[in-house]
Amino acid sequence: MEFDVRELGGSRVTVHIRLDATEVQGAFDRTYQQLSSRGGIKGFRPGKVPRSILERHYDRDAIRAATYEAVIQDRLQETMEQENLRPIDQIGIEVGAPPDEDEMLAETIRAGLVREEDAEDEVEEPELADDEAGEGAEDGDPDHEHEFEDDLPEIPLVEGEPFEFYTVFTAYPRPTLPDLSDLKLRRPVAEVTEEQVGDHLERLRRINAEEVEVDRDTIEEGDLVVADVKVVAEGEDADELEPSQQEIVVGEREYLGEIDRALIGHVPGDIVEAEFDYGDDHPDEDLRGRAGRIIAEIDSFSGRELPELDDEFARGLGAYESLDDLRESIRSALVAAEEEHAHEELRAQVMRYVLEGTEVELPEEFVERAAAGTHEQLMRELRQTGMSLAEFAEAADTAEEDLRAGQRTRAESGLKLHFALETLAEQLEIEVAEEDIAAEIARIADESGGDVGFAQQAAMLQPDFAEEIQDRALRRKLIEQVIASAEVEDVPAEQYHAEQAAEEDAAEDNGARETEASDIVDEAADSDQESEA
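Residues numbered from 1 in each chain as written. Predicted model: local features only at pLDDT ≥ 70, side-chain atom pairs only at ≥ 80, totals over all residues. Heavy atoms only, no water.

Moving on, we come to helix H5 (residues 194–207). It helps to recall that an α-helix has 3.6 residues per turn; residues three or four apart then point in one direction. Over its 14 residues, H5 runs 20 Å from end to end, which matches the ideal 20 Å to within 8%, given 1.5 Å per residue. Where H5 is concerned, the buried positions are Val197, Leu201, Leu204 and Arg205. Angularly, the buried residues of H5 cover 100 degrees about the axis, an arc narrow enough to put them on a single face. Opposite its buried face, H5 presents the exposed residues Glu195 and Ile207, each directed more than 90 degrees away. In this fold, the buried residues of H5 make contact with helix H7 (311–315) and helix H8 (323–357). (Helix = DSSP H or I, 4+ residues; strand = E, 2+ residues; numbered from the N terminus. Expected span 1.5 Å × (residues − 1). Buried < 20%, exposed > 50% of the residue type's maximum accessible area, 1.4 Å probe, protein only. Arc of directions from axis to C-beta. Contact = heavy atoms within 4.5 Å.)

A separate point is the nonpolar core. In terms of nonpolar packing, the biggest core is built from 30 residues, with Val15, Leu85, Leu157, Phe163 and Phe169 touching the most fellow members. Of all the secondary structure elements, the ones that give two or more residues to this core are strand S1 (2–9), strand S2 (12–19), helix H1 (21–38), helix H2 (51–57), helix H3 (60–83) and strand S4 (163–170). Take this core: its biggest share by element is six residues, from H3. Look past the residues within four positions of Leu157 in its chain and what remains in contact with it is Val24, Phe28, Arg64, Thr67, Tyr68, Val71 and Phe163. Within the second largest apolar cluster, 20 residues are counted, among which are Leu177, Leu346, Val354 and Val482. (Core = buried A, V, L, I, M, F, W, Y, C linked by side-chain atoms within 4.5 Å.)

Counting buried positions along S1 yields six of eight residues, so the element is predominantly enclosed. Of the pairings in the sheet, the one linking S1 to S2 comprises seven bridges and is antiparallel in character. Paired with Val5 across the bridge in S2 is Val15. (Pairing = 2+ DSSP bridges.)

With respect to topology, four strands assemble into an open sheet ordered S1-S2-S4-S3, the strand pairing being antiparallel. Strands with a single pairing partner mark the edges of an open sheet, and in this sheet they are S1 and strand S3 (94–95). Here S2 runs beside S4; their pairing, made up of eight bridges, is antiparallel. Looking at the pairing, Arg18 lines up with Glu164 of S4.

Okay, structure coming up:
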């Protein structure tokens with residue numbers, strides 16, 4: 001058997017297979033042998049039925065059809081496995097030699113499977129693809145049987161004559177990955193100070209403060225204020241919003257617009273306002289960069305008395321013998337949190353290195369589908385808020401076409417990272433064991449505050465959730481192995497974060513596209529932190 005593989009752009013591939021007369025004859029001989037082995041013909045044992053008897057017992061066209069299908073399936077699967085090709089769409093078979101490459105590429109462009117500007121640099125001469133071990137037939141299943149026409153008008157296979165056929169399909173991308181042998185990572189190391197421990201203790205005191213009556217009319221720092229609050233984003237009408245009653249501790253500085261500080265000196269019945277900005281890093285994309293104001297109508301207030309910071313206070317919080325035990329517990333928790341944060345930074349660096357160093361030609365249909373999904377999600381969120389796309393674009397100070405372009409770019413980056421990590425896991429032969437799945441389920445339950453048993457049941461009943469757990473476990477195991485084999489340098493956390501901030505500022509100065517890698521890596525990290533059972 002001879003074959004050649006041509007890449008047409010956009011992960012479109014044509015596979016051309018040629019069999020000489022001897023191979024075709026051998027295929028027919030195998031079909032007759034299989035029929036003979038079935039037995040069922042009176043007077044002959046299975047495997048001993050002469051061909052002349054088989055020809056009288058079975059329709060010749062049926063034999064040719066069975067041989068044709070076997071030839072197509074076997075030879076195509078063999079080629080797919082050898083060339084590590086994984087079709088993502090239905091495979092159609094054409095008899096004969098494929099058209100020349102220019103015609104094939106033009107058809108691919110007309111079908112919208114690759115953009116014309118991406119096809120300008122395609123190779124003109126067909127090449128035999130490099131031999132690579134890999135997955136088998138469609139969807140990676142070596143036992144998958146391709147579907148063919150049930151009623152072939154004419155079987156294009158003749159005993160003792162050469163035969164050739166070809167197929168054109170979209171294949172899963174095969175990324176070119178960066179070299180990980182010289183990967184150097186930087187771990188931010190932060191020292192837990194006595195001041196941090198003290199701040200945590202003070203927060204515990206405030207949480208456990210007791211309300212007390214005060215003999216004064218105006219609000220002071222430390223008071224607990226009950227107020228009806230409205231949060232009015234830019235462009236919204238405050239009169240159309242319903243207030244929510246909230247308790248505000250004055251001086252906490254943890255409220256929008258520092259409304260708690262603005263309450264000082266006021267009395268019940270007063271209406272106090274404070275302006276604020278949501279910020280460009282707000283988790284809700286609809287609110288990023290928007291201004292707003294918070295309106296608080298004061299109902300009442302009371303004083304708060306903080307408990308003494310002593311052994312009795314510590315014992316009241318749990319299994320602590322003394323204040324020193326509580327301090328040590330707080331210190332240990334802060335150290336563990338810093339170590340976890342440092343490790344998450346290492347994980348992000350690995351994903352960023354892989355993403356930025358990977359080269360891959362993505363199927364146009366994949367990119368369009370992912371971008372469309374992102375756009376539809378945005379539209380659903382906008383419909384819930386009653387905002388149009390034009391209004392959102394205006395609030396974000398951008399054009400609608402730029403929004404769509406950004407969605408496409410992010411879709412490309414997200415797919416690129418997905419295929420890169422998937423390919424890297426295959427190369428490193430990472431396999432997920434039952435204990436990895438169990439650990440990931442426990443992690444999801446812990447993150448969501450749910451029950452491990454419920455998460456396990458959800459994984460059994462929901463295939464999509466089970467697949468998400470599998471992907472998370474595989475990605476975690478892969479990245480941990482890469483970190484373990486990399487050179488890691490410890491740097492002061494303050495220095496590390498200052499350098500990160502400087503790099504982000506420089507990227508923003510050079511244009512938004514340079515920030516895409518960080519954004520996609522952050523989203524991938526978040527997806528490993530949050531799941532819904």
